[in-house]
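Listed here are the chains, written in short residue letters.
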Amino acid sequence: MILLDRVTKIYNKNLGPALDRVSLHVEPKEFVVIIGQSGSGKTTLLKLLTREERPTSGKIIVGGIDYDKLRDRDIPLLRRKVGTVFQDFKLLPNRTVFENVAFALEIVGVGGREIKNTVPKVLDIVNLKSQADHMPQELSGGERQRVAIARAIVRQPKILIADEPTGNLDPKHAWDVIRVLEKINHYGTTVLLTTHNQEIVNKLKRRVVTIEHGHVGSDRASAQYDVKN
Amino acid sequence: MGRNIITFARIIRTGIVNFMRNLWLAVAAMAIMIVTLTIVLFSIIVNATFNNTVTQITSRIDVSLYLKDSVTQAQTSKLIEQLRALPGVQHVTYLNKEQALQAYERQNAGNKQLVQAINETDNPLPATVHIKPDSLNQINQIRAFISKPSIVALQSNPANDGGDRRVAIDKITHATNILRRAGVGAVLVFATISVLIIFNTIQMAIFNRRDELQIMRLLGAGTWFIRGPFVVEAIIYGIFSAGISVLLINSVFVTASSSLQATSFGLLDISYSQSFFEHHFWSLLILQLALGILIGAASSVIATRRYLKFKTTKRQSKG
């Protein structure tokens, strides 16, 4: 589903590589947790997958799409296939919860009636059905993050990338978000999650990939970890 | 409904909503566009009016040859033949002495004493040949021909070639050309300013919403899904501005024709301007609309380009 082959990313030649010959293979329907200190290269890795950045060298194939052959004008098509959840939510501030989720469908030209049918179902999955008419600023951090997840999954992507979705949340809300991700994974979506949260890593018992100084430090099926912040 | 149609409808709807939300920003952009389009319209009308004035005056120009009484019928016929063969001659009319006298009497019908005095003498008027040139510039050729000694020998008086009027018309033509160039210059300057200001307005609108654009990009919105509403917004500026500029010019004519008794200021024949405007109302309106839409669309496409580029287009050198 996701294949990185000796991927290197250099932002600034004087600073050394942010990622150095990283190879990673993720099977369909897998739930992979990526951990590592700030600046270790986690976010760069995800930005390469959403094509916010291009690798300096190496090969990336996601969902059968070879990024070397991806033209700029096809980037929107790629991003529609890969759902993304950001640490800072990135909700549209002037739109209601419903409209934020609907927006993801509007982009791909889904009709109004279908939107009215689909969005409440997805809001139900993230337990936000009753908040559909709220504005993002009226919600708690955890609720906002769940709106962002609803928006990411409403197009039923095969891959969901979540960049520290619990980073700004208290433990209770963080677990709300993680449970939603598990639920989505259960329905068949490949999930890639980065986190700092040691407790989450330990309780999830999923495959854990550690990134250290731009390298893959370890890659284990399930493990207990001490995550340093 | 196809997805493209749904998306197209959404782009237009979002554009209209944005237009209404950014109304104050829109007023600034539209104000300058109205000035531009009004100047364009004004220039077109003034130009047409000047052209009309020049045509009118030119049509009154002719050259008159006065023949000696001794010139025979055969000589006259030959002269007329030669004149008709000259390039640039529209037509030649001949008045014999009798006809010349009648024409003179008609022209001076109000002055009975003069007419009486003329009739008391033997007809003093010479037979006359009127030569009408195609255009003002052809007068020199005609003048050269009638200045030949063989032709001068036939003439009783020096020919009247409209010399004074010609100078006046030259001046008018010259002034018209200068005004026309000034008009084109003004249009270009204001169109440029207009594009820059609209460009700026849209950039401000985009700047306020740059986070939103970034989010749209990350969610996979296509270039035209993001750009479209801005273009629609600017096209609405164009449509309103075109309509208002036409209304402005129209109200100027309404005021002018009701408040001014004399509708002609030297070269500017306002009644002609007005009838030109009324006759060409629809084509002028369409022209204004087209121009407004073009300025709006072009500046919004350019303004959005910067924000819609994928920053990762260049692959960095391997290291």
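Residues numbered from 1 in each chain as written. Chains lettered and ligands numbered in written order. Predicted model: local features only at pLDDT ≥ 70, side-chain atom pairs only at ≥ 80, totals over all residues.

### Considerations on the overall build of chain A
Thinking step 1. A tally of helices and strands in chain A yields seven helices and 10 strands.
Thinking step 2. A globule of 229 residues ought to have a C-alpha radius of gyration of about 17 Å, and chain A, at 17 Å, matches this closely.
Thinking step 3. Seen along its three principal axes, the alpha-carbon backbone of chain A occupies a region of about 50 × 40 × 30 Å.
Thinking step 4. Taking all 229 residues of chain A together, 45% fall into the buried category.
Thinking step 5. For chain A, contacts bridging at least 24 residues in sequence account for 69% of all contacts bridging at least 6. (Helix = DSSP H or I, 4+ residues; strand = E, 2+ residues; numbered from the N terminus. Rg over C-alpha atoms; globule rule 2.2 N^0.38 Å. Buried ≥ 20, exposed ≤ 12 C-beta atoms within 10 Å, placed from the backbone. Contact = placed C-beta atoms within 7 Å.)

### Here we look at the pairing of strand E10 (residues 215–220) of chain A
Regular strands place side chains that alternate from one sheet face to the opposite one.
All names here are of chain A.
Thinking step 1. Pairing between strand E9 (residues 207–212) and E10: five bridges, direction antiparallel. When the sheet's bridge partners are listed, glutamate 212 is paired in E10 with histidine 215.
Thinking step 2. Taking the residues that link successive antiparallel strands as the turn, the E9-E10 hairpin has two residues, and the phi of histidine 213 there is positive, at about 50°. (Pairing = 2+ DSSP bridges.)

### Side note on the packing of helix H3 (residues 97–107) of chain A against helix H4 (residues 112–125) of chain A
All names here are of chain A.
Thinking step 1. Look at H3 against H4: their axes get within 10 Å of each other, and the N-to-C directions meet at 115°. In this structure, H3 meets H4 at a crossing whose hand is right-handed. Contacts between H3 and H4 involve Val97, Phe98, Val101, Ala102 and Leu105 on the former and, on the latter, Ile115, Thr118, Val119, Val122 and Leu123.
Thinking step 2. Taken together, the residues of the contact of H3 with H4 sort by class into nine nonpolar, one polar and no charged. (Axes fitted to C-alpha atoms, helices over the stretch in contact; angles between N-to-C directions. Left-handed = near helix turned anticlockwise from the far one by under 90°. Nonpolar A, V, L, I, M, F, W, Y, C, P; charged D, E, K, R; others polar.)

### Notes on the interface of chain A and chain B
Thinking step 1. Listed by partner, the interface residues are 22 residues for chain A and 21 residues for chain B.
Thinking step 2. Secondary structure elements with two or more residues in the side of chain A that touches chain B: helix H2 (75–81) and H3 of chain A.
Thinking step 3. Among the residues making up the side of chain A that touches chain B, the classes are represented as six nonpolar, six polar and 10 charged.

### With respect to the packing of helix H2 (residues 23–59) of chain B against helix H11 (residues 270–279) of chain B
Residues and elements named next belong to chain B.
Thinking step 1. Contact pair H2 / H11: the axes reach a minimum separation of 9 Å and the direction vectors enclose 125°. In terms of their interaxial angle, H2 and H11 are classed as oblique. In this structure, H2 crosses over H11, and the sense of that crossing is right-handed. For the pair H2 and H11, contact is made by Ile45, Ala48, Thr49 and Asn52 and by Tyr272, Ser273, Phe276 and Phe277, respectively.
Thinking step 2. By residue class, the composition of the contact of H2 with H11 is five nonpolar, three polar and no charged. (Parallel < 35°, antiparallel > 145°, perpendicular 65-115°, else oblique.)

### Brief notes about helix H6 (residues 171–186) of chain A
Because the α-helix completes a turn every 3.6 residues, residues three or four places apart line up on one side.
All names here are of chain A.
Thinking step 1. The end-to-end C-alpha distance of H6 is 22 Å, a good match for the 22 Å that 16 residues give at a rise of 1.5 Å each.
Thinking step 2. Looking only at H6, the buried set comprises Ala174, Val177, Ile178, Val180, Leu181 and Ile184. One side of H6 carries all its buried residues, which in axial view fall inside an arc of 155°. Away from its buried face, by an angle of more than 90 degrees, H6 presents the exposed residues Pro171, Lys172 and His186.
Thinking step 3. Tucked into the core, H6 has its buried residues touching H4, helix H5 (141–153), strand E7 (159–163), strand E8 (190–195) and helix H7 (198–204).
Thinking step 4. Directly after H6, the chain includes glycine 188, whose backbone phi takes a positive value near 120°. (Expected span 1.5 Å × (residues − 1). Arc of directions from axis to C-beta.)

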